[in-house]
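Spelled out, the chains give:
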Amino acid sequence: MTKIFFVDRYIGYSTKLFESMLNISSKKKDFDLLFLGPDDKKSILFSDQILSNSKKIWSNNHYVGKLLKFISNNKPDIVHFTFELRTFGSPWASFKFPILLFLLRLKKQKTVVSLFNIWFYRENNHWNIPDYFPSKLPKPILTILVKLFFSIISNLCDKIIVGTNQGKLCLTDYYKINEEKINVIPFGISSLTKPVNEDTKEKFQKLFDGKKIILYFGVLSPRKNHSYAIRAFKEVAEKLPDHMLVIAGTSTKEFENYKQSLHDLVQDLHLTKQVFFTNFIKNDEIDVLFQIAESTLFLYSPMSDSTYAVTIAIQHKKPIIVSDIEIIREIFPEDSAFFVDLKDISQLSNAILKISTESEIRKNLNSKLIELTKKFTWDNSAENCIKTYESML
């Protein structure tokens, strides 16, 4: 039987993918899967989800030695890592990840890396690093270092998984990675099988004073342009007295100034009674927020990576306003979402007004999202991951 170790935090997309792989492998009986998670419960970025076939092996910011020892002692056929800037704790902890891959390569250990947030994005046929990258280094130096970092990771592993074709294009065109090494496996979309907590639902409804909710969910980061949502909502707030803009989530340490700037903007625009910040949201509160929301916003800047928050909105079949960028076009057909130009606040405010006042538009978008949930499933994602493993044996 083939032994696979899957390494990540106990976070939504990884636990759902792993559970689907467990289900598939239990029928085929040819894979022995084990999830290697963290033992640290202090960080808000470490999910508290319960997962079968898992062990708590490594710690926040301290993972190289612990994982290397466990992998060396147990000798799996393949180790699958998911990786983004905060997978293993602080951003600085991520710089030890190539060392771990190098040491495993010396041991001839086969590895797969799912890359999230490759940072570079394409604009006017040119690859750029965003201005909000959490570093004070000059941009030319930062560009070289980030490119070198991801190039090392890409070359040290045996297979790379990305969630989008844009991500694959970035790796092949900018990083010059052989396309045969890269598999595109999108996030899945869960089915809504369990009822929401009614006490939590009542708590939020009281908190929002019974108003209709326009929801912007996810970690607070400059690439998500919350300020545009706030400014656009200001233009239509008087026409939507029974609506509230709810910004759900908190920032990581490097973007605390960004979070404060959003609070300051709401104060300056006199929207404190119409824009609400939830701060950190627990796992069991996410589904409740989406259930009570009337519509959702995702106003991302151009990027190459997947976005798990958007799949949750699709899962709940909530009408969505999205920025018109390539990565979003890859997910949504033309008539399944409201596409807006980020730089056009009037266009965004008109979209908010339409989606909030015209029930027929919401109904049509809802029906399109129902079709979209059939396209992206965790079972499909899991099957493709298992095919990736099989291709390496």
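Just so it is clear, the structure is predicted and the values come from calculations on it, not from any experiment. All residue numbers refer to positions counted from 1 along the written sequence of the respective chain. The predicted nature of this model means local features are confined to residues of pLDDT at least 70 and side-chain atom pairs, given and counted, to a pLDDT of 80 or more, with totals for whole chains, interfaces and linings taken over all residues. The side-chain quantities take in all heavy atoms of the structure and omit both hydrogens and water.

*Asks:* I'm lost on the side chain of S151 in this one. Help?
*Replies:* Per the convention used, a helix needs a DSSP run of H or I reaching at least four residues, while a strand needs a run of E reaching at least two, with both numbered from the N terminus. Structurally, S151 is set in helix α4 (residues 139–156). Given a relative accessible area of 15%, S151 falls into the buried group. Among the polar contacts listed, one links the side chain of S151 to the backbone oxygen of K147, at a separation of 2.7 Å. In this scheme, a residue with accessible area under 20% of its type's maximum is buried, one over 50% is exposed, and one in between is partly exposed, where area comes from a 1.4 Å probe on protein chains only. Any pair of N or O atoms that falls within 3.5 Å is considered a polar contact. Within protein, one atom must be able to donate a hydrogen and the other to accept it, and sequence-neighbouring residues count only if both atoms are side-chain atoms.

*Asks:* Honestly, the packing of helix α7 (residues 226–236) against helix α12 (residues 345–357) in this entry has me stumped. Any pointers?
*Replies:* Running from N to C, α7 and α12 point in directions that differ by 65 degrees, and their axes come no closer than 8 Å. In this structure, α7 meets α12 at a crossing whose hand is right-handed. On α12, the residues touching Y228, A229, R231, A232, F233, E235 and V236 of α7 are I345, S346, L348, S349, I352 and L353. For this classification, the nonpolar set comprises Ala, Val, Leu, Ile, Met, Phe, Trp, Tyr, Cys and Pro, the charged set comprises Asp, Glu, Lys and Arg, and every other residue, Gly included, is treated as polar. Tallied by class, the residues present in the contact of α7 with α12 amount to 9 nonpolar, 2 polar and 2 charged. For every element, the axis is a line fit to its C-alpha atoms; helices are fit only across the contacting stretch, and the angle between N-to-C directions ranges from 0 to 180 degrees. Handedness of a crossing is defined here by the sense of rotation of the near helix relative to the far one, left-handed for an anticlockwise turn of less than a right angle and right-handed for a clockwise turn. Residue contacts are defined here by distance: any two heavy atoms, one from each residue, within 4.5 Å place the two residues in contact.

*Asks:* Please clarify how α7 should be interpreted in this entry.
*Replies:* Along an α-helix, residues three or four positions apart point the same way, because every turn accommodates 3.6 residues. Among the residues making up α7, those that are buried are H226, A229, I230, A232, F233 and V236. Its buried side turned inward, α7 meets β10 (212–217), β11 (243–248), α8 (256–268), β12 (275–279), β13 (293–298) and α12.

*Asks:* Is there a simple way to think about the sheet that holds β12 in this case?
*Replies:* Strand pairing in a sheet relies on backbone hydrogen bonds. The paired strands run either parallel or antiparallel. Any two strands with at least two DSSP-identified bridges between them are counted as paired. Here 6 strands make up an open sheet; going across it, the order is β12-β11-β10-β13-β14-β15 and the pairing parallel. Both edges of this open sheet fall to β12 and β15 (338–340), since each of them pairs with a single strand only. Averaged over all pairs of adjacent strands, the angle between strand axes in this sheet comes to 25 degrees, irrespective of strand direction. As defined by bridge partners, β11 adjoins β12 across 4 bridges and the pair is classed as parallel. Looking across to β12, one finds that I247 is bridged to F277. Most of the contacts of helix α9 (residues 283–292) go to β13, to which it runs at about 110 degrees, and overall it touches β10, β11 and β13. Taken strand by strand, α12 contacts β10, β11, β13, β14 (320–323) and β15, and its axis lies near 165 degrees from that of β15.

*Asks:* How should the pairing of β14 be read in this particular structure?
*Replies:* Regular strands show a simple pattern: their side chains alternate between the two faces of the sheet. Every second residue of β14 is oriented toward a common face, with I320 and V322 on one face and I321 and S323 on the other, all of them buried. Across 3 bridges, β13 lies against β14 in parallel orientation. Looking at the pairing, L297 lines up with I321 of β14. Here is how to tell: hold the view so the strands point away, follow the path from the first strand over the helix to the second, and if it runs clockwise the crossover is right-handed. With respect to chirality, the unit in which β13 leads through helix α10 (residues 308–315) into the neighbouring parallel β14 is right-handed.

*Asks:* Which parts of the structure should I look at to understand the side chain of T87?
*Replies:* When you line up the elements, T87 lands in the loop between β4 (78–83) and α3 (97–106). Classification of T87 as buried rests on a relative accessible area of 1%. Side-chain polar atoms of T87 contact the backbone nitrogen of E84, separated by 2.8 Å.

*Asks:* What exactly am I supposed to notice about the packing of aromatic side chains here?
*Replies:* Both the distance between ring centres and the angle between the ring planes are used here to describe each pair of aromatic rings. The criterion for an aromatic pair is that two Phe, Tyr or Trp rings (for Trp, the six-membered ring) have centres within 6.5 Å, with stacked assigned to planes under 30 degrees apart, edge-to-face to planes over 60 apart and tilted to the rest. Within this structure, the stated rule accounts for 32 aromatic pairs. Look at Y13 and F116: their rings are 5.0 Å apart centre to centre, the planes differ by 55 degrees, and that puts the pair in the tilted class. Of this pair, Y13 sits in helix α1 (residues 12–28) while F116 sits in the loop between β5 (110–115) and β6 (121–123), and the two are 103 residues apart along the sequence. Taking the relative accessible area as the measure of exposure, Y13 reaches 9% and is therefore buried. The ring of Y300 has R223 sitting right over it, with the charged end atom 5.4 Å from the ring centre. In our convention, an over-ring charge means Lys NZ or Arg CZ found within 6 Å of a ring centre and within 35 degrees of that ring's normal.

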